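So you can see what is in the structure, the chains are spelled out below.
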Amino acid sequence: MQVPFNPPPRRQVPLNPIRRRRTWSALTAALLCAALPLAAASPATDLYRDATTRVLRDYYGWSTADLKALTEQYGRTLEERCAPAGDACPFETAREVLTELFTQVGDAHTSVRDPESALRLREVQENLAVPRTGARVVSVPGGLLVASVMPGSPAEQAGLRPFDLLTRVNGAPAGKNPDPTPSADTGNGTGAGTQDDQAAPGTDLLGAREFTRLERAAQPIQVEVTAPGRAPRPLTLTTATLRARDEPTLNWVGPDRRTALISVASFLPSDTAAQFLARVREAEREGARALLIDLRFNGGGSLTQCVAAASIFAPTQYRSRFRTGGTMYAGIEGRPAGPQDRQRPPDTAVWRGPAAVLVGPNTASCSEVFTYYAQRAGALAVGEVTRGVGNSGVTLEPLPDGGMVSVTVLRAYWPDGTPLPAHVTPDVPAPTDLRALTTQGQDTCLNAALNALNTRTGHLPAPATSSAAPQRP
């Protein structure tokens, strides 16, 4: 799931465009609606009008597209598609047209989400208790890759481990179609999707979203598992009532198991920075010689949380602008900075040892922000170029169908007015080879990070050639 980062709660925003827009006059609202060429009312036209009105009113991203012209163009498209159904035209038709419209806008942060996606987002954000196996999966060519396993969960008790591959689920083939133009660096393409990725249209592959749907049904799930060095085997996964979020986890890698590996699934929960800081402190207590942070499957979250988490390396300041005015997000010592922190020394840091961040094409939004500030503080970025939405932020607004529209409302800049980069370019290019990962247990990206830290410091042991798979102490 591409989870964008949000502006902080309204009480923290000196000039809030969401609050300001409610002072607009009825005449202004009427003029906006008049710009949308929609005829008879229907669920579809209501949804389209609501979503596009919010975008026309609030959008402040980097796209140069003519939003008004696109809205009119796709309004006519919606009328054509709704003609057979008339005033019964369903919400689904509007979501299809809105998706096409936002594709033309060319801003990955601005999008429409259906009710199920909105519910999944809310489950994680509010840390609700829901039926889960405890396995977090992402869709890749050939199956569902197990990105993480919650400690003590039914999935762990059943023997499922990170980077196992679920090739079949309840008898159906799983994953997503291979990239028709695979990367020359990997030979098979990374193909690593986000948590809500689905199989491509026209296929019968079961994606990560469908897997989550099966979990919520709280029934046993039959899977076929491929693990490094083992023949494919059937496995029954049960569910338990667990928290929807996945907390940052600490494992140990390298031949001497003294390099700490902290995996962060999302920056969406409101205590992510505190949880991350706790894992860093734990690694320090247990004598970690170096720190690796895995953000390869992290689609973003709360800007307040990722800026605070990045400040374990150095104080951070993320300056942003809205349509009118702006605000700054700041972190110090792994937590949000407050007025009491203004007199702190500029070199305050929690972690001063060797560090690297693992990134990939699904490292997006807030996780790009974290990596960018970690790089500036001296940490290495290892992996692949990131998604490319790290210099903007969104609000998530409810829609009549129970879904939501994500609208880009802020841009990020340097103090001199120069825009921040949209994506992170790794210091050490190292694509994650899925075939090596799932069949041989070789994490090419992780091994490259260990090698890079060894080269940089001159005293860390080089990674083992057989495997760099994480282990708990």
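Here, the structure is the one placed above.
Presented here is a report on the structure given in the accompanying data block. Every value quoted in this text rests on a predicted model; they were computed, and no experiment measured them.

### Thoughts on the side chain of Arg-95
- Here Arg-95 shows up in helix H5 (residues 91–105).
- For Arg-95, a relative accessible area of 14% corresponds to the buried category.
- Within the local environment of Arg-95, its side chain forms a polar contact with the side chain of Asp-401, the two groups lying 2.3 Å apart.
- Setting aside its immediate chain neighbours within four residues, Arg-95 contacts Leu-47, Val-112, Arg-113, Asp-114, Pro-115 and Asp-401.

### Overview of the pairing of strand E5 (residues 165–169)
- Burial within E5 is extensive, with 4 of its 5 residues counted as buried.
- Inspection of the sheet shows E5 paired to strand E7 (residues 221–226) by 4 bridges, in the antiparallel sense. Bridge assignment links Leu-166 to a residue of E7, and that residue is Val-225.
- Across 2 bridges, the pairing between E5 and strand E6 (residues 172–173) is antiparallel.

### Topic: the state of the cysteines
- One pass over the full model with this rule turns up 2 disulfides.
- Covalently, Cys-82 is tied to Cys-89 through a disulfide, its sulfur atoms 2.0 Å apart. One disulfide, between Cys-82 and Cys-89, carries an S-S torsion of -70° and so falls in the left-handed class. Both residues of the pair, Cys-82 and Cys-89, belong to the buried class.

### Notes on helix H11 (residues 366–376)
- Burial of H11 is extensive: 9 of the 11 residues sit out of reach of the surface.
- The complete set of buried residues in H11 reads Cys-366, Ser-367, Glu-368, Val-369, Phe-370, Thr-371, Tyr-372, Tyr-373 and Ala-374.
- Looking at the buried positions of H11, the neighbouring elements they touch are helix H9 (272–285), strand E12 (290–294), helix H10 (303–310), strand E13 (316–321), strand E16 (355–359) and strand E17 (380–383).
- Positive phi shows up at Gly-378, right after H11, with a value of about 115°.

### Describing the packing of aromatic side chains
- In total, this model carries 7 aromatic pairs according to the counting rule given.
- Summarising the aromatic geometry, the rings of Phe-276 and Phe-370 are spaced 5.6 Å apart at their centres and angled 90° between planes, so their arrangement reads as edge-to-face. Taken together, the residues span a long stretch of sequence, with Phe-276 in helix H9 and Phe-370 in helix H11 at a distance of 94 residues. In terms of burial, Phe-276 and Phe-370 fall into one category: buried.
- Following the ring pairs from residue to residue traces out a cluster consisting of Phe-267, Phe-276, Phe-313 and Phe-370.
- The aromatic ring of Tyr-60 is capped on one face by Arg-411, whose charged end is 3.9 Å from the ring centroid.

### Structural notes on the environment of Gln-375
- Tracing the backbone shows Gln-375 in helix H11.
- When the C-alpha positions of Gln-375 and Val-357 are compared, they lie 8.5 Å apart, and in sequence the two are 18 residues distant.
- When sequence neighbours within four positions are dropped, the list of residues in contact with Gln-375 reads Ala-381, Val-424, Thr-425 and Asp-427.

### Comments concerning the pattern of salt bridges
- Counted under the stated rule, the structure contains 24 salt bridges.
- Ionic pairing is found between Glu-397 and Arg-54, a salt bridge with its closest N-O pair at 3.1 Å. Linking Glu-397 in strand E18 (residues 392–398) with Arg-54 in helix H3 (residues 43–58), this pair joins segments that are 343 residues apart in sequence. Here Glu-397 matches Arg-54 in class, with each residue buried.
- Between Arg-245 and Glu-247 there is a salt bridge, with the nearest N and O atoms lying 2.9 Å from each other.
- One continuous salt-bridge network, built from bridges that share partners, spans Asp-114, Glu-116, Arg-120, Glu-123, Arg-209, Arg-213, Glu-215 and Arg-216.

### Description of the sheet that holds strand E20 (residues 428–429)
- Taking strand neighbours across the sheet as the criterion, the 6 strands line up as E10-E11-E12-E16-E17-E20 in an open arrangement whose pairing is mixed. The open sheet has two free edges, formed respectively by strand E10 (249–253) and E20, since each of these has just one partner strand.
- Relative to E17, E16 runs parallel, the two being bridged by 4 bridges. Looking at E17, one finds that Leu-358 is bridged to Val-382.
- Relative to E10, H9 is tilted by about 35°, and along the sheet it contacts E10, strand E11 (259–263) and E12.
- Running over the sheet, H11 touches E12, E16 and E17 and is turned about 150° from E16.

### Considerations on the packing of H3 against H5
- Where H3 contacts H5, the two axes come as close as 7 Å, and the packing angle between them is 30°. Put simply, H3 runs roughly parallel to H5. In terms of crossing hand, the pair formed by H3 and H5 is right-handed. Seen from H3, the contacting residues are Pro-43, Ala-44, Leu-47, Tyr-48, Ala-51, Thr-52 and Val-55; seen from H5, they are Phe-91, Ala-94, Arg-95, Val-97, Leu-98, Leu-101 and Phe-102.
- Class assignment of the residues belonging to the contact of H3 with H5 gives a composition of 12 nonpolar, 1 polar and 1 charged.

### Details of the packing of H3 against helix H4 (residues 67–82)
- Put simply, H3 and H4 touch, their axes get as near as 11 Å, and they point 175° apart. Taken as axis vectors, H3 and H4 run roughly antiparallel relative to one another. Contact residues: Ala-44, Thr-45, Tyr-48, Thr-52, Val-55 and Leu-56 in H3; Leu-67, Lys-68, Leu-70, Thr-71, Tyr-74, Gly-75, Leu-78 and Cys-82 in H4.
- Looking at side-chain class alone, the contact of H3 with H4 contains 9 nonpolar, 4 polar and 1 charged residues.

### As for the environment of Glu-116
- Mapping Glu-116 onto the fold places it in helix H6 (residues 115–125).
- When the C-alpha atoms of Glu-116 and Arg-213 are compared, they prove to be 9.2 Å apart, with 97 residues separating the residues in sequence.
- Excluding residues within four positions of it along the chain, Glu-116 makes contact with Arg-209 and Arg-213.
- Of note is the side chain of Glu-116, whose polar atom sits 3.1 Å from the side chain of Arg-209.
- There is a polar contact of 2.7 Å between the side chain of Glu-116 and the side chain of Arg-213.

Rules of the game
- Residues numbered from 1 in each chain as written.
- Predicted model: local features only at pLDDT ≥ 70, side-chain atom pairs only at ≥ 80, totals over all residues.
- Heavy atoms only, no water.
- Helix = DSSP H or I, 4+ residues; strand = E, 2+ residues; numbered from the N terminus.
- Buried < 20%, exposed > 50% of the residue type's maximum accessible area, 1.4 Å probe, protein only.
- Polar contact = N/O pair within 3.5 Å; in protein donor to acceptor, adjacent residues only side chain to side chain.
- Contact = heavy atoms within 4.5 Å.
- Pairing = 2+ DSSP bridges.
- Disulfide = S-S within 2.5 Å.
- Phe/Tyr/Trp six-rings, centres within 6.5 Å; stacked < 30°, edge-to-face > 60°.
- Lys NZ or Arg CZ within 6 Å of the ring centre and 35° of its normal.
- Salt bridge = Lys/Arg side-chain N within 4 Å of Asp/Glu carboxyl O.
- Axes fitted to C-alpha atoms, helices over the stretch in contact; angles between N-to-C directions.
- Parallel < 35°, antiparallel > 145°, perpendicular 65-115°, else oblique.
- Left-handed = near helix turned anticlockwise from the far one by under 90°.
- Nonpolar A, V, L, I, M, F, W, Y, C, P; charged D, E, K, R; others polar.

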